[in-house]
Amino acid sequence: MPGLGTSFGRGGATTFQQDLANADCILIQGSNMAEAHPVGFQWVMEAKRRGATIIHVDPRFTRTSALAHRHVALRAGSDIAFLGALINYVLTNDAYFHDYVATYTNAPMIVSEDFRDTEDLDGVFSGFDAETGTYDTTTWQYEGSTAVPSVGSHGPESTPPTTAHERERDASRPERTGSGGPVYHGRAATDPTLQHPRCVFQLLKRHYARYTPEVVEEVCGVPRADFQWVAEQLVANSGRKRTTAIAYAVGWTHHTVGVQYIRAASILQLLLGNIGRPGGGILALRGHASIQGSTDIPTLFNLLPGYIPMPHAHVDFDLDTFVASDELARGYWGNMRSYLVSLLKSWWGEHATADNDFCFDRLPRLTGDHGTFQTTIDQIEGRCKGYFVVGENPAVGTANARQQRMGLANLDWLVVRDLNLIETATFWKDGPEIETGEMRTEDIGTEVFFLPAAAHTEKDGTFTNTQRLLQWHHKAVPPRGDQRSDLWFFYHLGRRVREKLQPQGERDRALLELTWDYPTEGDIEEPSAAAVLQEINGFDADGNPLSSYTQLRADGSTRCGCWIYCGVFADGINQSARRRPGREQSWVAPEWGWAWPANRRLLYNRASADPAGRPWSERKAYVWWDGELGEWTGHDIPDFDKGKRPDYVPDPEATGPEGIAGTEPFIMQSDGRGWLYVPVGLVDGPLPVHYEPQESPLQNRIHDGQQRNPARQVFSRPENRYQPSGAEPGSEVFPYVFTTFRLTEHHTAGGMSRWLAHLSELAPAMFLEVSPELAAERGLRHLDWATVVTARNAIEGRVLVTSRMRPLRHGERTVHQIGIPWHWGPNGLTVGDAANELINVALDPNVHIMDSKAGSCDIRPGRRPRGPALIRYVEEYRRRAGITERTGTEHADSPRLGGE
């Protein structure tokens, strides 16, 4: 989310899947779209039929590659080097869309004279503290402005964080940019000519000057001719009359620099003028039907609905303190008080009043990192005693699965809700550690409660998909036996907890006074999903459904469960349930479901017109200013104040939406512009930099003095040891790169698919995909067994020898890659070792996401050892590599330090 959020103002996809058909070129990178998102891929094929150029950049040759005009194989974990070189190509060849860049991006902004780039400091930016692995972002700011990192801090911070709590506050800020850019105050000094040496445009040129085709060949393994062809295609298909789209998925997000991958793509698209325009944009492909929804109505520990940050202890004392910085900001985050008060009214109804600060004090306060990986450590160390696992399977589906099971084994109780008896529910009796002797069933005190869940076909509700589109699904059949929906479970759990509380107890009032009065139906008293959606939509003081988030008020007269979803039940009609056929409406199909915000399908679409409000070209017209009507009109709902004239100039002191000029399309940003450079909002740098993955067989070619992301989040523990990398002694023990991937035939960790006979037959066994060259080098035979090992564990799988995996040349060295699907585990009809046994827990510091798409390993023919011999096998690899508790943990981690 922060990659798109800090760049444009919202963390959702900027475009919609049907609009891909209007693209002149589509770059798919970090995704195997044809297999992982086959329904959406039809629009790529439609674009190809219309003449668009399709490019697939990926470590593996896949079905997406087979349907593209060209597949470009690159080394897993090297995408920023590739994208950075494309940025450099655009800049050095003056191929950027000048009028768009100068007017709609922050290219003219002048950065503080104290800022130092990675070019000046050998791989780190100014403000870096090597001891804590954090940045003080003061020097990153614009000249003449005062930055506020985001809501949840309140005012500029003059010193870097020193305590664990302060560091977590810093690291949690970027999550907010899922629906709005960071806040800064004042107006930056600018140079509209883009010539000032410290303006963003010139900093960008200098920063990416060393990202050349030669470097791409050495770092990524991509031949110069292939790179040149891609660059030429993107430039030829962008600009005033043509547009290029980019699509990505978890192949970009699952890295210690995942946010910066997306930032690099955002910079490229802004330079080419492809954001906010038909056939352009960036499509963030979501693997689940409701992954987008699970961040909108969040399952993240540090967010409230609509990307409002969770308050922090010791600083967020009251409502005024919490919203202070936003109320002085320009753009729609200036209405933060209205969004938050309406949320509090939705939760506590009549009990939330101005006199009690609308119950703001009842919100939990964060005291540190409560993400899934820190929670697992808390379990191992005895600080977390109970755990709900709903819709996940951490025993096989989460990075360093062994560490996850160690945490589960140290709980007092565990609730697992799933369709089948997944590994998380049975680890205590048949997990891998029972076989190795590391655990004994009789010693595990965890009491497991398995509660069968209803499938999506057995319940009403919505999916929020890839393009921010809410679609209602109707229950097809009732759940059987004891199966229940998640809504039923949490509603009735809350009801029963409330029955046990003391009516007069002050500490219990926060639960007792919650609005917990949804209507139920049927013998099992299933709560109404439609009623929940209505509450999320919101009501005015008279109980009428709201139609837009612009109606929300700060005085307590409105209530709304998620401000970005306001309007989904406009006029009392479930807008997400609309299914008007495409032939009966425009190609944008605004009456198929409902997209947040305000049913806009293409975000930032004011940028599809020039500063005067005219389309950049008739071929790419989308929304435009109608002078006679005095409003913005076009094919979509304008993502702009409908009546704001193009020549509107705000008062210098204006805040909120009134502070955005008529020529500033990015209305969630404080300056109304797309950000090529991020002065505030990210914790690991204002510009993307190529760093090697946490574990890599290659040294960082671009910055020799900084191997890894210096601000990455690391947890070196006995069960999570890191491997040496690059030039560090011992890295030769793990000479190969591995990357994980998905199959169409299976679903995530396999909980839904490995129990189905037809899917198990289609993909019957865990396998390891290798090239013929690697097979010859290691003596691997097609369909025989092989073992892959890292510092955490070893797994086995059938060998699949295929030319889809290609050896890549990096200077004088050949690097081999191994593809590993991640759907398997020991339970079900088709069983196998889990890929997540291999993966370390090293995280992107902005979003706490693991580095699962690029790692280093060894591979050997034959099956892995069994029982205690497996432990000795892995320990021997650690010994040979010289691994200690400090290996791979340095923040200023020059390869010359040798990991010691």
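This text goes with the structure placed above it.
All values derive from a computational prediction rather than experimental measurement.

### Some thoughts on the sheet that holds strand β9 (residues 282–284)
- Strands sit in the order β3-β2-β1-β8-β9 across an open sheet of five strands; the sheet is parallel. Looking at the sheet topology across the chains shown, the edges are occupied by β3 (70–72) and β9. Averaged over all pairs of adjacent strands, the angle between their axes in this sheet comes to 20°, without regard to strand direction.
- Both strand β1 (residues 25–29) and strand β2 (residues 53–57) contribute to a ladder of five bridges, which runs parallel. Bridging from a neighbouring strand, Q29 pairs with V57 of β2.
- In the packing of helix α12 (residues 258–271) onto the sheet, the strands contacted are β8 (244–248) and β9, and the crossing angle to β8 comes to about 175°.

### Examining the side chain of S65
- Secondary-structure assignment places S65 in helix α4 (residues 63–67).
- Once you skip the residues sitting within four places of it in the chain, S65 turns out to touch H56, R60 and H71.

### Brief notes about a nonpolar patch on the surface
- A contiguous nonpolar surface patch, about 570 Å² in accessible area, is contributed by F388, W413, F449, F490, L493, V497 and L511.
- Counting residues per element, the nonpolar patch draws most heavily on helix α21 (residues 486–499), at three residues.
- The topology assignment puts L511 in helix α22 (residues 509–512).
- Residue classification places L511 among the partly exposed positions, given a relative accessible area of 40%.

### As for the pairing of β2
- Most of β2 is tucked away, with five of its five residues classed as buried.
- The alternating pattern of β2 places T53, I55 and V57 and I54 and H56 on opposite faces, both of which are buried.
- Bridge count between β2 and β3: three bridges; the pairing is parallel. Note that in β3 the partner of V57 across the bridge is V72.

### Focus on the nonpolar core
- Residues F82 and L271 are the most contacted members of the largest nonpolar core, which totals 106 residues.
- Considering every element that reaches this core, the biggest residue donor is helix α5 (residues 79–92), with ten residues.
- Contacts of L271, omitting those with residues within four sequence positions, involve I87, V90, L91, Y96, F97, V101, L204 and L676.
- Counting residues in hydrophobic clusters, the runner-up holds 52 residues, among them V323, L470, Y565 and M668.

### A few points about the packing of α5 against helix α9 (residues 213–220)
- As a packed pair, α5 and α9 sit with axes 9 Å apart at the nearest point and diverge in direction by 170°. Between α5 and α9, the interaxial angle falls into the category roughly antiparallel. Contacts from A81, F82 and A85 of α5 reach α9 at V216, V219 and C220.
- Class assignment of the residues belonging to the contact of α5 with α9 gives a composition of six nonpolar, no polar and no charged.

### A few points about helix α18 (residues 401–408)
- Across the eight residues of α18, seven count as buried, placing the element largely inside the fold.
- Residues of α18 that are buried include every one of A401, R402, Q403, Q404, R405, G407 and L408, and no others.
- Close packing links the buried residues of α18 with α16 (372–380), β12 (386–390), α17 (394–397), β13 (413–418), α19 (423–430) and α20 (432–436).

### Brief notes about the packing of α5 against helix α10 (residues 224–236)
- Their axes nearest at 10 Å, the elements α5 and α10 cross at an angle of 55°. As far as their axial angle goes, α10 and α5 are oblique. Regarding α5 and α10, the two cross each other, and that crossing is right-handed. Residues F82, A85, L86, Y89 and V90 of α5 touch α10, and the partners they reach there are F227, Q228, V230, A231, E232, L234 and V235.
- Of the residues belonging to the contact of α5 with α10, the class tally is ten nonpolar, one polar and one charged.

About the thresholds
- Residues numbered from 1 in each chain as written.
- Predicted model: local features only at pLDDT ≥ 70, side-chain atom pairs only at ≥ 80, totals over all residues.
- Heavy atoms only, no water.
- Pairing = 2+ DSSP bridges.
- Helix = DSSP H or I, 4+ residues; strand = E, 2+ residues; numbered from the N terminus.
- Axes fitted to C-alpha atoms, helices over the stretch in contact; angles between N-to-C directions.
- Contact = heavy atoms within 4.5 Å.
- Patch = residues over 30% accessible without salt bridge, like charges linked within 9 Å, V, L, I, M, F, W, Y side chains within 5 Å.
- Areas by Shrake-Rupley, 256 points an atom, 1.4 Å probe, with all protein chains shown as cover.
- Salt bridge = Lys/Arg side-chain N within 4 Å of Asp/Glu carboxyl O.
- Buried < 20%, exposed > 50% of the residue type's maximum accessible area, 1.4 Å probe, protein only.
- Core = buried A, V, L, I, M, F, W, Y, C linked by side-chain atoms within 4.5 Å.
- Parallel < 35°, antiparallel > 145°, perpendicular 65-115°, else oblique.
- Nonpolar A, V, L, I, M, F, W, Y, C, P; charged D, E, K, R; others polar.
- Left-handed = near helix turned anticlockwise from the far one by under 90°.

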